[in-house]
Amino acid sequence: MNTDELESALMRAEIRVLKIQTKLHRWASDDPHRRFDDLFNLVADPGFLLVAWDRVRHNKGARTAGVDGETAHYIEAVRGVEGFLAELREDLKTRAFRPLPVRRRAIPKAGGKVRYLGIATIRDRVVQASLKLVLEPIFEADFLPCSYGFRPNRRAHDAVAEVHHFTSRSYEWIVEGDIKACFDEISHSALMDRVRERVGDKRVLALVKAFLKAGILVEDGTLADTDAGTPQGSILSPLLSNVALSVLDEHIAQGPGGPAATPYERAKRRRQGLPNYRLVRYADDWCLTVSGTREHAEALRDEIAGVLSAIGLRLSPEKTLVTHIDEGLVFLGWRIQRHHKRGTGKSYVYVYPAKKSLVAVMAKVKTICRVNTNLPLEALLHPLNRMLRGWTTYFKYGCSHATFSYLRSYLWKQVVRWQERKHRRTPWKQLRRRYGIWPAEGDVVLFDPARVRASRYYYRGTRIPTPWPST
C-alpha cells in the first residue's frame, strides 16, 4: 500500500470510527446501566487499528522503543504498516496476543525525587490506542463535569477557572489534595470492578487486565510483577485512572452539600451552619472548595481519605493542605489567591503564574544559554523561542503581565551574557550594532514574553461539548 492509498484508507477509517464512537456514546448516555457485550470485534477492527496506529505514529514517543527495540520508523521502513497491522489483528482474533512488559525509565522531579514512566512496545501501544477508541466514548458518558484531566475538549485552564469561579463566590476554604503515588497504587480488583460496570465483553476485560499485569522491566534488567497501579506513560493509563478516580467525583456529587443540591437546599444548609462544597479534579490533582469553616474542610478531607482507601489510594499527609483563599493555593502551576485591589475597598481572587513555575522556566532559559558559544546566535534563539512560546501560551490566561515582563528582563540578560562570552574582546557598542539591542540574527528574533497579551479564561461550566455529536 503506497502513501496515497494509506492516507485515503485512514480518512475513511477515521470517519467510520467517529460514527461508531458517536453511537457508543449515545447508547451509554441513554442507558446509564447498560453493559456493552460485543466490543472486542471493534478493538480488532482494521479501521480502529489503522486510526490507532496513526495516533501512535504521530505521537512524540514514537521515536522511543519498548523492550522489543522496535520504533514506529522501523515498522514503517522494514516490516511495513499493512503487514504489521494484519499480523496484529490476526493475533488479537486468535487470542494469541500477549502484552510485553513495559520498559521503566526514571524522570527526575523536584526535591530529588523521581517519577517512573513505563514505555510499552509499539505493538502494545497500538492495541491500547484501539482499546481507548472503543472504551473512551462509553466511560465519557459517566464522567462528571468536575473532572478535567486527560479528557477530550477539556484542559487545565478549565479546572483553574472553576476554582477561581467558586472561590470568588463564598467557597473560601480549600482542601488541596495530593494522592500519594496514584498511578502506582490503584487497586487492580477495584479498578476492574469499575470497568465491569460498563463492559460485559470478557475478551475486552481480559485484555485490559493483561495490560495491568504485563510487568515492568527495570533498569538493571530484572522483571518486576505489577500487582497494583497502571504504568504512567501508557496510552490506556489516563483513561483507567479516571475510571478509578471517578468514585471520588461521584461521592462528592451525591453529597448533601455537593453540586446536586438546589439553591434552596444550599441556602438552608448555610442557615443551619452546614457546609456546601465543590470538587475540581485534574487527573490525580484535585481541590475541594468549601463554603463553611476550617473544621468542615478538615472533616471533608478525612471523608475523602476513606473514599480513596477503597480503591487502594492514600492521601499524602504533608501535601494535602487546608488553606483559606486569602492565603492562596498553587494548582496546576497557577497561584490562586484573593488580594485587596489597590485604590478600592474591595478584594478579588486573582490567578497568576506560581513562583515555582517561573523559577522552572528561568532554569530552562539558563540551561539553554549554556550552549556552545562556537555556534551562531541563531542556534541559541530557536530552542529558546520554541520553549518560551509554549510556556507563555499556557500562562497567558491570567494576571501574567508582570511575570512576563520579569521573564523578559531575565531572558535578555542571559542572552547578552552568552553574546559577551562568545565575543570576549568585543565592546558592548559593537555587539549592539551587530545583534541589536533586542537580540536577533538574520530573520530570527528572540521571542519577547512581554509582548504576549494576557487575558482571562472564562469558566465554561457544564457547557463543554464532547467530540461525539449527540444528533
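These numbers come from a predicted model, not from an experiment.

**Some details on the overall build of the chain**
Item 1. Each helix and strand counted, the chain has 17 helices and 14 strands in total.
Item 2. Whereas a compact globule of 471 residues would reach a radius of gyration of roughly 23 Å, the chain reaches 25 Å, a difference of no more than 12%.
Item 3. Its C-alpha atoms put the chain at 75 × 70 × 50 Å along the principal axes.
Item 4. Restricting the contact set of the chain to residue pairs at least 6 apart, pairs at least 24 apart contribute 71%.
Item 5. In the form shown here, the chain has an accessible surface area of approximately 24,000 Å², with 51% of it arising from carbon and sulfur atoms.
Item 6. Charge separation in the chain, taken as the distance between the mean sites of 77 positive and 52 negative side-chain charges, equals 9 Å.

**So, the packing of aromatic side chains**
Item 1. One pass over the full model with this rule turns up 12 aromatic pairs.
Item 2. With centroids separated by 5.3 Å and ring planes inclined at 70 degrees, the aromatic side chains of F166 and Y171 adopt a geometry described as edge-to-face. For the pair F166 and Y171, a shared accessibility class is recorded, and that class is buried.
Item 3. Ring plane angle 40 degrees and centroid distance 5.9 Å describe the contact between W334 and Y394, whose orientation is recorded as tilted. In this pair, W334 is assigned in strand β11 (residues 334–340) and Y394 in helix α15 (residues 377–395), connecting sequence segments 60 residues apart.
Item 4. Of the residues examined, Y394 reaches a relative accessible area of 23% and is grouped as partly exposed.
Item 5. Following the ring pairs from residue to residue traces out a cluster consisting of W334, W391, Y394, F395 and F404.
Item 6. Taking NZ or CZ as reference, R104 lies 4.1 Å from the ring centre of Y116, over its face.

**Observations regarding the sheet that holds strand β12 (residues 347–353)**
Item 1. Within the open sheet, the 3 strands sit side by side as β10-β11-β12. Their pairing is antiparallel. The open sheet has two edge strands with one neighbour each: β10 (329–331) and β12. Averaged over all neighbouring strand pairs, the angle between strand axes comes to 30 degrees, with direction disregarded.
Item 2. As defined by bridge partners, β11 adjoins β12 across 7 bridges and the pair is classed as antiparallel. Its bridge partner being in β12, I336 is matched across the sheet by V351.
Item 3. Against the sheet, helix α7 (residues 156–167) makes contact with β10, β11 and β12, and its axis sits at roughly 25 degrees relative to β11, the strand it touches most.

**Quick word on the nonpolar core**
Item 1. In terms of nonpolar packing, the biggest core is built from 80 residues, with L39, V126 and L288 touching the most fellow members.
Item 2. The dominant element in this core, judged by the number of residues it contributes, is helix α6 (residues 122–140), at 10 residues.
Item 3. Residues in contact with L39, not counting those within four places in the same chain, are L24, V134, L135, I138, V199, D201 and V204.
Item 4. Grouped together as the second largest cluster of nonpolar side chains are 45 residues, V160, L329, F331 and F404 included.

Basis of the calculations
- Residues numbered from 1 in each chain as written.
- Predicted model: local features only at pLDDT ≥ 70, side-chain atom pairs only at ≥ 80, totals over all residues.
- Heavy atoms only, no water.
- Helix = DSSP H or I, 4+ residues; strand = E, 2+ residues; numbered from the N terminus.
- Rg over C-alpha atoms; globule rule 2.2 N^0.38 Å.
- Contact = heavy atoms within 4.5 Å.
- Areas by Shrake-Rupley, 256 points an atom, 1.4 Å probe, with all protein chains shown as cover.
- Lys, Arg positive; Asp, Glu negative; His and termini not counted.
- Charge placed at Lys NZ, Arg CZ, Asp CG, Glu CD.
- Phe/Tyr/Trp six-rings, centres within 6.5 Å; stacked < 30°, edge-to-face > 60°.
- Buried < 20%, exposed > 50% of the residue type's maximum accessible area, 1.4 Å probe, protein only.
- Lys NZ or Arg CZ within 6 Å of the ring centre and 35° of its normal.
- Pairing = 2+ DSSP bridges.
- Axes fitted to C-alpha atoms, helices over the stretch in contact; angles between N-to-C directions.
- Core = buried A, V, L, I, M, F, W, Y, C linked by side-chain atoms within 4.5 Å.

Coordinates in, geometry out; function isn't part of it.
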